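Notes for the structure review
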Amino acid sequence: MAVYAILMGAQGSGKGTQAAIVGPELKLAKIATGELFRSAIAARSELGLQVEGLLARGELVPDDVTNAIVRERLASIVAQVRSGDDAVRGALFDGFPRNVAQAAALDGIFADLGETLTIVIEIDVPRAALIERLAGRRTGARTGTIYNVNGLSDEEIAAFGEELIQRDDDQPEAIARRLAIYDEQTAPVLAYYAGRGLVTRVNGDQDVEAVTAEIREAIASRVAAKVS
Ligand code: AMP
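Values in this document were obtained by computation on a predicted structure and should not be read as measured data. (Residues numbered from 1 in each chain as written. Predicted model: local features only at pLDDT ≥ 70, side-chain atom pairs only at ≥ 80, totals over all residues. Heavy atoms only, no water.)

A few words on the environment of Asp112. Following the sequence through the fold, Asp112 ends up in helix H5 (residues 100-113). Separated by 41 residues in sequence, Asp112 and Arg71 have C-alpha atoms that sit 9.7 Å apart. Reaching out from Asp112, the side chain makes a polar contact with the side chain of Arg71 at a distance of 3.0 Å. (Helix = DSSP H or I, 4+ residues; strand = E, 2+ residues; numbered from the N terminus. Polar contact = N/O pair within 3.5 Å; in protein donor to acceptor, adjacent residues only side chain to side chain.)

Over its 23 residues, helix H8 (residues 172-194) runs 31 Å from end to end, which matches the ideal 33 Å to within 8%, given 1.5 Å per residue. If you look at H8, its biggest bend is around 45 degrees, right at Asp183. All buried positions along H8 are accounted for by Ala174, Ile175, Arg178, Leu179, Ile181, Tyr182, Thr186, Val189, Leu190 and Tyr193. (Expected span 1.5 Å × (residues − 1). Bend = angle between axes of the 7 residues up to and from the residue. Buried < 20%, exposed > 50% of the residue type's maximum accessible area, 1.4 Å probe, protein only.)

Taken as a whole, the protein shows an average pLDDT of 94; of its residues, 100% reach a score of 70 or greater. Confidence, expressed as mean pLDDT per element, reaches its minimum in the protein at helix H6 (residues 127-136) with 89 and its maximum at H5 with 98. (pLDDT = per-residue confidence, 0-100.)

Among the 5 residues that make up strand E3 (residues 90-94), 5 are buried, leaving the element largely enclosed by the rest of the structure. Alternating positions in E3 separate into two faces, Gly90, Leu92 and Asp94 on one and Ala91 and Phe93 on the other, with burial throughout. Here strand E1 (residues 3-8) runs beside E3; their pairing, made up of 5 bridges, is parallel. Each bridged residue has a counterpart across the sheet, and for Ala5 the counterpart in E3 is Leu92. (Pairing = 2+ DSSP bridges.)

Take the site of the ligand next. The immediate surroundings of the ligand are formed by 16 residues, with Thr33, Arg38, Glu59, Arg98 and Gln102 found nearest. Contacts to the ligand include Arg178, whose side-chain N or O atom sits 3.2 Å from an oxygen atom. Protein burial of the ligand: of its 480 Å² of free accessible surface, 95% is covered by the chains. A total of 4 residues in the shell around the ligand trace back to one element, the largest contributor, which is helix H2 (residues 33-42). Per-class residue counts for the shell around the ligand are 5 nonpolar, 5 polar and 6 charged. (Near = heavy atom within 4 Å. Areas by Shrake-Rupley, 256 points an atom, 1.4 Å probe, with all protein chains shown as cover. Nonpolar A, V, L, I, M, F, W, Y, C, P; charged D, E, K, R; others polar.)

Structure representation (C-alpha cells):
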C-alpha cells in the first residue's frame, strides 16, 4: 500500500533529521519545500532569485509558488509508485503544508491524483528546547549534514571534517519570526488534520533514534489499520 505522510513540527523539532532517516528506510520520497527552495537559490534559477529574500528573512514563499512545486513533485512520485518501481512506496512531506490554505490545496492535489493522505505526524518539542537547538544548528558545507554545535569544543567541531555554515534564517531574529509564523499559521494545520483523525503525536524531546522508532511505529500502525 502506498504511504503519504506529513511530518509536522516547529522549526528545530527534528523534521529534517527524521525525514532523512525515515524516508530512505520506508522508501518514501521526500518533499521538503525548504530544501527545494534552497537548491533553487544555490542554482541561481528564476525560482531561486524570486524566493531568496523571503527565505533570508524567514518569511513564507507565496502559496501559489509553493503549491505548484508540490503538485509537480507529488505527481511524479505517484507516477513512480504506480509504475511498480520498488524503490518508491510513497512520499514524506517535510515543511509543507505550512498554513491551512496549503493544506486545503494539498487535499485538492491528492484528489486530482486519486490518492489520499495516510498520516500526519506531529513531532512535539518544548519551545525552550527548540530555541536552543536552532541557535546551535549548523549545516555541513560539503555533505549538507545537519549538526548541532551546542556544548561542543572547537576540537569536536573540527572533527566533523567539513566547514559548518549557519543558515541565515537560524539567526536569532529570523528564528523568532519563524516560530511566530509557526504559531499563527502552521499550528492551525494540525487542528485541520486532527479534526479528520489523521494526527499522531510523537515525543521529539528524546534521542534521534527514539523519535525515529516512534515515527516508524506510528506509520506502521496507521497502515495496518487502513489495510484491515
Ligand atoms: P525549512 O527548511 O522547512 O525551515 O524552510 C525554510 C524556508 O523556506 C521557510 O522559512 C520559508 O521561507 C520557505 N518555505 C519552506 N516551506 C514552505 C512552505 N510550505 N510555504 C512557504 N514557504 C516555505
